[in-house]
Amino acid sequence: MKTLDDALVGLPDYDPNALTVDAARSIVARLAQPVEAIESVAVRSALDRVLGRDLISPLDVPAFDNAAMDGYAFAGDALAAGGVVRLAVAGRALAGRPFGGSACAGQCVRIMTGAHLPAGCDTVIPQELVQTDGDEVMFDATAVQARRHVRYAGEDLAQGQPAMLAGKVLRPADIGLIASLGIAEVPVRRRLRVAFFSTGDELRSVGQPLEPGTLYDSNRYTLFGMLTRLGVEVLDLGVVRDDPQALEATLRVACRDADAIITSGGVSVGEADFTREMMARLGEVAFWKIAMRPGRPFAFGRLDCDGRNALLFGLPGNPAAVMSSFYQIVRDALFAMMGAAPQPLPCLPVATATAIAKRPGRTEFLRGILARDAAGQWQVTVAGAQGAGVLRTMSEANCFVVLEHGRGDVAAGETVGVTVFEGLV
Ligand code: AMP
Ligand code: MG
């Protein structure tokens with residue numbers, strides 16, 4: 001386990017009081033160690049899990065030479081003489097029902113897509129390109145080239161080659177590919193365990209009455225959603241009062257039971273903000289502010305208690321700040337801890353329809369709506385109120401508009417970075 005000092009060595013802009021987003025990401029990456037245990041699960045249960053070892057193909061894919069089109073299989077040598085080619089139909093090959101014999105010179109075999117290519121054949125001519133009376137086919141030698149319309153054994157994947165590398169987050173195509181190799185059990189990393197809780201005397205849980213000055217806790221719901229989508233095991237530790245003893249007790253439970261802990265609230269410099277202080281008592285704090293908006297107060301470090309340790313992400317309390325700091329900072333770290341290869345969020349250039357006021361010196365993640373304009377071009381519009389507490393615009397938005405650290409005001413029509421919320425999963 002790296003010490004915090006090791007992790008901070010050589011970082012050019014390490015200012016724990018106002019770290020750039022890139023520096024924060026790199027510190028977090030240095031401390032995020034993958035869980036080691038690997039377990040074996042059935043193929044369908046491997047969906048969204050992280051592949052624990054390289055998968056070596058036990059088969060050639062395709063396993064045998066086969067037709068890529070419905071037509072007639074024959075030896076491509078027959079094309080060499082040019083002119084009109086006439087071949088006698090020697091039999092039929094269907095997918096799963098091979099032609100038992102072999103085609104001799106002057107013969108062809110009626111063949112359907114996916115059928116085993118008969119011995120003596122290396123070329124398929126699609127049925128639309130021939131004339132036939134059933135017993136014989138005729139076509140011009142220029143209608144097809146030798147070896148065309150055949151899928152050769154091993155051309156997609158050769159036996160003994162790696163089919164998939166460790167660290168892959170398994171998507172539908174991947175579990176399909178695994179099944180196509182006849183592999184029934186997949187080695188995956190054990191699930192990462194992530195504990196989370198909200199802090200704040202003002203918070204009430206759904207189902208409780210709201211007295212004056214109180215509000216419903218939403219962060220445990222957005223965090224539940226984001227963590228569940230990531231495929232981690234979640235441990236919801238509820239709402240913790242703004243009280244150092246209660247906080248310490250909950251952090252100890254979290255450190256005992258989880259690999260990572262996510263808290264919200266209590267990381268600024270208010271009188272009831274104890275998270276950072278408690279993190280320093282029970283472990284080490286790497287930084288507590290990031291030059292980003294929303295999400296500036298952000299305490300990150302490691303807890304070390306009762307012989308166990310866990311990374312702690314102390315997110316701000318404001319609901320939209322929780323979500324942007326989760327996606328922009330925490331997500332990468334959790335993937336790394338899950339043993340996944342880096343899964344960078346694409347940030348694509350798109351023209352903004354809205355002018356945006358921006359001060360250089362912090363990275364901003366605005367809530368945006370990506371849609372087509374009247375001419376059919378994709379453009380992004382800023383989604384209403386951008387206060388760190390406004391969850392409604394986070395719900396209405398479908399992307400982040402990313403404005404880089406050094407950037408100033410943005411005029412309508414300029415290109416901005418856009419990270420869409422939903423990907424193909
Ligand atoms: P804090 O970071 O604790 O100062 O909280 C900042 C703001 O976020 C305050 O207005 C809190 O009431 C609000 N807040 C904190 N935690 C939550 C939560 N779990 N759900 C909704 N709002 C919250
Ligand atoms: Mg608070």
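Only a predicted model underlies this, so the values are computations on that prediction, with no experimental measurement involved.

## Some words on the pairing of strand β23 (residues 363–372)
In terms of residue burial, β23 counts as a mostly covered element, since seven of its 10 residues are buried. Of the strand pairs in this sheet, β23 and strand β25 (residues 399–403) are connected by five bridges, and their pairing is antiparallel. By the bridge assignment, Phe-365 is partnered in β25 with Val-402. One ladder, built from five bridges, connects β23 with strand β24 (residues 378–382); its direction is antiparallel. When the bridges of β24 are listed, Gly-368 appears paired with Val-382.

## Examining the UniProt feature "domain: MoaB/Mog" (unreviewed entry) in the protein chain
The sites that UniProt annotates as "domain: MoaB/Mog" (unreviewed entry) are residues 195–336. In this annotation, residues 195–336 is assigned 37% helix and 34% strand; the end-to-end C-alpha distance for the span is 17 Å.

## Brief notes about the site of ligand 1
The environment of ligand 1 is made up of 15 residues, and the closest members are Glu-202, Asp-217, Ser-218, Gly-266 and Gly-317. One of the side-chain N or O atoms of Asp-217 is found 2.6 Å from a nitrogen atom in ligand 1. At a separation of 2.9 Å, an oxygen atom of ligand 1 approaches a polar backbone atom of Gly-266. Protein contact buries 78% of the 490 Å² of open area that ligand 1 shows by itself. Split into classes, the residues belonging to the shell around ligand 1 amount to four nonpolar, nine polar and two charged.

## Here we look at helix α4 (residues 219–230)
Helix length check: α4, at 12 residues, gives a terminal C-alpha distance of 16 Å against a target of 16 Å (1.5 Å per residue), a fit within 8%. Along α4, the residues classified as buried are Asn-219, Arg-220, Thr-222, Leu-223, Met-226, Leu-227 and Leu-230. Around the axis of α4, the buried residues are gathered within 160° of arc, so they sit on the same side. Turning to α4, the residues buried within the fold contact β13 (193–199), β16 (233–240), β17 (260–264), β21 (308–315), α7 (319–337) and α8 (391–396). Once α4 ends, the next one or two residues include Gly-231, with phi positive near 90°.

## Concerning the sheet that holds strand β5 (residues 84–93)
Pairing within the open sheet is mixed, and its six strands lie in the order β7-β4-β6-β5-β9-β8. Single-partner strands in this sheet number two, and they are β7 (123–126) and β8 (131–132). Relative to strand β6 (residues 107–111), β5 runs parallel, the two sharing four bridges. Considered in β6, the bridge of Ala-88 is made with Gln-107.

## Overview of the side chain of Asp-259
Turning to its location among the elements, Asp-259 is positioned in the loop between α5 (244–257) and β17. For Asp-259, a relative accessible area of 11% corresponds to the buried category. Separated by 2.9 Å, the side chains of Asp-259 and Arg-190 make a polar contact. In contact with Asp-259, not counting residues within four places along its chain, are Val-35, Arg-190, Arg-191, Leu-192, Arg-193, Ala-310, Leu-311 and Met-337.

## Quick word on the domain arrangement of the protein chain
Here the domain parsing of the protein chain yields domain 1 (4–37 + 191–338), domain 2 (38–61 + 155–189), domain 3 (66–151) and domain 4 (348–420). A C-alpha centroid distance of 35 Å is found between domain 2 and domain 3.

## Quick look at the nonpolar core
Generally speaking, soluble globular proteins have nonpolar side chains that are buried together. Ranked by size, the top nonpolar core spans 50 residues in total, and within it Ile-262, Phe-287, Phe-300, Phe-313 and Leu-334 carry the most contacts. Among the elements that make up this core, the one with the highest residue count is α7 (10 residues). Mapping this core onto the domain boundaries places at least three of its residues in each of domain 1 (4–37 + 191–338) and domain 4 (348–420). In this view, Phe-313 contacts Val-28, Ala-260, Ile-261, Ile-262, Thr-263, Phe-298, Ala-299, Phe-300, Val-330, Ala-333 and Leu-334; residues no more than four positions away in its chain are not counted. One finds Leu-247, Ala-254, Ala-299 and Cys-305 within the second-largest nonpolar core, a separate group that totals 20 residues.

## Here's the deal with the sheet that holds strand β18 (residues 283–289)
Overall, mixed pairing links the six strands, which are arranged β16-β13-β17-β21-β20-β18 in an open sheet. The open sheet has two edge strands, β16 and β18, and neither has a second partner. Strand-to-strand twist of the sheet, defined as the mean angle between neighbouring strand axes without regard to direction, takes the value 15°. Pairing of β17 with β21 involves five bridges; the strand directions are parallel. Bridged to Ile-261 within β21 is Leu-312. Along the sheet, α5 contacts β13, β16, β17, β20 (297–305) and β21; its crossing angle with β16, the most-contacted strand, is approximately 175°.

Thresholds, definitions, all that
Residues numbered from 1 in each chain as written. Chains lettered and ligands numbered in written order. Predicted model: local features only at pLDDT ≥ 70, side-chain atom pairs only at ≥ 80, totals over all residues. Heavy atoms only, no water. Buried < 20%, exposed > 50% of the residue type's maximum accessible area, 1.4 Å probe, protein only. Helix = DSSP H or I, 4+ residues; strand = E, 2+ residues; numbered from the N terminus. Pairing = 2+ DSSP bridges. UniProt positions renumbered as here; feature names shortened; annotations may be inferred. Near = heavy atom within 4 Å. Polar contact = N/O pair within 3.5 Å; in protein donor to acceptor, adjacent residues only side chain to side chain. Areas by Shrake-Rupley, 256 points an atom, 1.4 Å probe, with all protein chains shown as cover. Nonpolar A, V, L, I, M, F, W, Y, C, P; charged D, E, K, R; others polar. Expected span 1.5 Å × (residues − 1). Arc of directions from axis to C-beta. Contact = heavy atoms within 4.5 Å. Domains from an automatic or database assignment. Core = buried A, V, L, I, M, F, W, Y, C linked by side-chain atoms within 4.5 Å. Axes fitted to C-alpha atoms, helices over the stretch in contact; angles between N-to-C directions.

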